[in-house]
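Below, each chain spelled out in residue letters.
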Amino acid sequence: MGTPDPKPGSRLPAIAFIALILFAHTVVASPDAPVAVDVGVVVASNEGTTMDPALSSIQKKLQSMFNYTSYRMVDRLKRTLSVGETGDFVLPGNRSMRATSVPAKGNKVKLAVQIMEGDRNLLSTTLGLKRGGMVLVGGLSYQKGVMILIISAE
Amino acid sequence: MECRETRQMIQDHIDGHLPPRVSEKLREHLGGCDPCASEEAELIRVGDLLRLWSAVRVEEREPQLSALWTRVGAVIEERRKPWLVPLLRRWFWVPAAAVVAVLTLLFYPLDGSRAPFHPKSFDVTVESLESDAATVALVDKGEDLPRVIWIIENGNT
């Protein structure tokens, strides 16, 4: 004789408990948790009407904010940074981005970002984002358009 | 050979089913026996009549028979076709899909470099904004749109 099957609803509390733990983990990440920095390097121009498929999810946002007709993602750079760690991102056109994860409270992420062109400091800023948040940095001329960096932190 | 035995074998003789030696003995008997010869002639005539009648029926039923033969021919032709062809035609997509999958795995970047962006928030605080070589502007077009830091180099953009 085998063990009788459990009643259909008997596993529900266990499943709910596990789901709650998983949900709590995703909602409240530890302030010291590593930060996954994702940088999409986009070239926007008025040459053609290309929309990179990788940008389809934010296509309307881009078109609402800028007047360019073509958006092409030329590179995608990702680094996972622990708090206090610095990551270097090599950008096209002899430019680079340096991001340092700074301690932040709660579900926030703080990044000290510096964009350089050779030795010239083009931008120094400190950004506070929610995990999963996004900010754009643009305006640098590149090829026949401008470079827009899509910076997100998870 | 006796008459009773001969009459039992006449039809087989007409149809050519008897061995040559038996057929020879039968012919000898028929040559000297009028009743048996008459019986043979009768059976030959009946056979001719039956063949004639069959021919007439076949002629009458020519269209139906023709259609029947067409169907039979089609079935034979169908069975002659190689079994592999329809099988390949039906399952052609399996190797094709496998090839596409392999090519995708080979050439599509798996590091997420082409994965779409799915921002959860555009809520950003900018604590400081400095530049040694350009003018920098912070553009905020509302909560539904991402904030933009715009770098203006040499008044170009």
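Residues numbered from 1 in each chain as written. Chains lettered and ligands numbered in written order. Predicted model: local features only at pLDDT ≥ 70, side-chain atom pairs only at ≥ 80, totals over all residues.

Novice: With reference to specific residues and values, describe the overall build of chain B.
Specialist: When its secondary structure is counted, chain B shows 6 helices and 3 strands. Going from N to C terminus, chain B has its helices and strands arranged as α-α-α-α-α-α-β-β-β. Split into buried and exposed, the 157 residues of chain B put 8% on the buried side. Restricting the contact set of chain B to residue pairs at least 6 apart, pairs at least 24 apart contribute 35%. (Helix = DSSP H or I, 4+ residues; strand = E, 2+ residues; numbered from the N terminus. Buried ≥ 20, exposed ≤ 12 C-beta atoms within 10 Å, placed from the backbone. Contact = placed C-beta atoms within 7 Å.)

Novice: Hey, could you go over the overall build of chain A for me, with residue numbers and the actual values?
Specialist: In terms of helices and strands, chain A carries 2 helices and 8 strands. Each helix and strand of chain A, ordered N terminal to C terminal, gives the series α-β-α-β-β-β-β-β-β-β. Looking at chain A residue by residue over its 154 residues, the buried ones come to 31%. A separation threshold of at least 6 residues defines the contact pool for chain A, and within that pool the share at least 24 residues apart is 43%.

Novice: Explain the packing of helix H1 (residues 3–15) of chain B against helix H2 (residues 20–32) of chain B to me, and be specific about the residues and the numbers.
Specialist: Residues and elements named next belong to chain B. The N-to-C vectors of H1 and H2 enclose an angle of 115°; their axes lie 11 Å apart at closest approach. In the packing of H1 onto H2, the handedness of the crossing is left-handed. Where H1 approaches H2, its residues Thr6, Met9 and His13 are matched on the opposing element by Ser23, Leu26 and His29. Each residue belonging to the contact of H1 with H2 can be placed in one class, and the counts come to 2 nonpolar, 4 polar and no charged. (Axes fitted to C-alpha atoms, helices over the stretch in contact; angles between N-to-C directions. Left-handed = near helix turned anticlockwise from the far one by under 90°. Nonpolar A, V, L, I, M, F, W, Y, C, P; charged D, E, K, R; others polar.)

Novice: Go over the interface of chain B and chain A with me, naming the residues and quoting the values.
Specialist: If you look at the interface, chain B gives 35 residues, while chain A gives 33 residues. Within the residue set of the side of chain B that touches chain A, elements represented by two or more residues are strand S1 (124–130) and strand S3 (147–152) of chain B. Here the side of chain B that touches chain A takes 7 residues from S1(B), the largest share from any one element. Residues belonging to the side of chain B that touches chain A are distributed by class as follows: 18 nonpolar, 8 polar and 9 charged. Where strand S7 (residues 133–142) of chain A lies against S3(B), 4 bridges are found, and the strand directions are parallel. Bridge pairing in S3(B) places A:Gly138 opposite B:Trp150. (Pairing = 2+ DSSP bridges.)

Novice: Tell me about the sheet that holds strand S6 (residues 120–130) of chain A, and name the residues and values.
Specialist: Backbone hydrogen bonds hold the strands of a sheet together, and the pairing may be parallel or antiparallel. What the 5 strands build is an open sheet, ordered S3(A)-S4(A)-S5(A)-S6(A)-S1(B); its pairing is antiparallel. At either end of the open sheet lies a strand with only one pairing partner, and these are strand S3 (86–91) of chain A together with S1 of chain B. The mean inter-strand angle of the sheet, taken between neighbouring strand axes irrespective of direction, is 20°.

Novice: How would you summarise helix H3 (residues 34–60) of chain B if you had to cite specific residues and measurements?
Specialist: Here H3(B) spans 39 Å end to end across 27 residues, near enough to the 39 Å set by a 1.5 Å rise per residue. In terms of burial, H3(B) is largely open, as just 2 of its 27 residues are buried. (Expected span 1.5 Å × (residues − 1).)

Novice: Describe the environment of A:Pro92, with residues and values.
Specialist: All names here are of chain A. Residue placement: Pro92 occurs in the loop between S3 and strand S4 (95–102). Residue class for Pro92 comes out partly exposed when judged on the 13 C-beta atoms lying within 10 Å of it. For the pair Pro92 and Asp75, spaced 17 residues apart in sequence, the C-alpha separation works out to 8.6 Å. Those residues within four positions of Pro92 in sequence are excluded, and the remaining contacts are Val41, Val74, Asp75, Tyr142 and Met147.

Novice: Describe in detail unusual backbone geometry, supporting the description with residues and values.
Specialist: A positive phi is found at A:Asn94, a non-glycine position, where the angle reads about 60°. Counting through the fold element by element, A:Asn94 comes out in the loop between S3 and S4.

Novice: I'd like to hear about the pairing of strand S1 (residues 35–45) of chain A, residue by residue, with values.
Specialist: Residue and element names in this part refer to chain A. With 9 of its 11 residues buried, S1 lies for the most part within the structure. For S1 and strand S2 (residues 70–81), the ladder comprises 11 bridges, and the chain directions are antiparallel. Counted as the bridge partner of Asp38 is Lys78 from S2. Across 8 bridges, S1 lies against strand S8 (residues 145–153) in antiparallel orientation. When the bridges of S8 are listed, Gly40 appears paired with Ile150.

Novice: I'd like to hear about the nonpolar core, residue by residue, with values.
Specialist: Residues A:Val135 and A:Leu149 are the most contacted members of the largest nonpolar core, which totals 41 residues. Only S1, S3, S4, strand S5 (108–117), S6, S7 and S8 of chain A together with S3 of chain B provide two or more residues apiece to this core. With sequence-adjacent residues up to four places away left out, A:Leu149 is seen in contact with A:Val39, A:Val41, A:Met97, A:Leu136, A:Val137 and A:Gly138. (Core = buried A, V, L, I, M, F, W, Y, C linked by C-beta atoms within 7 Å.)

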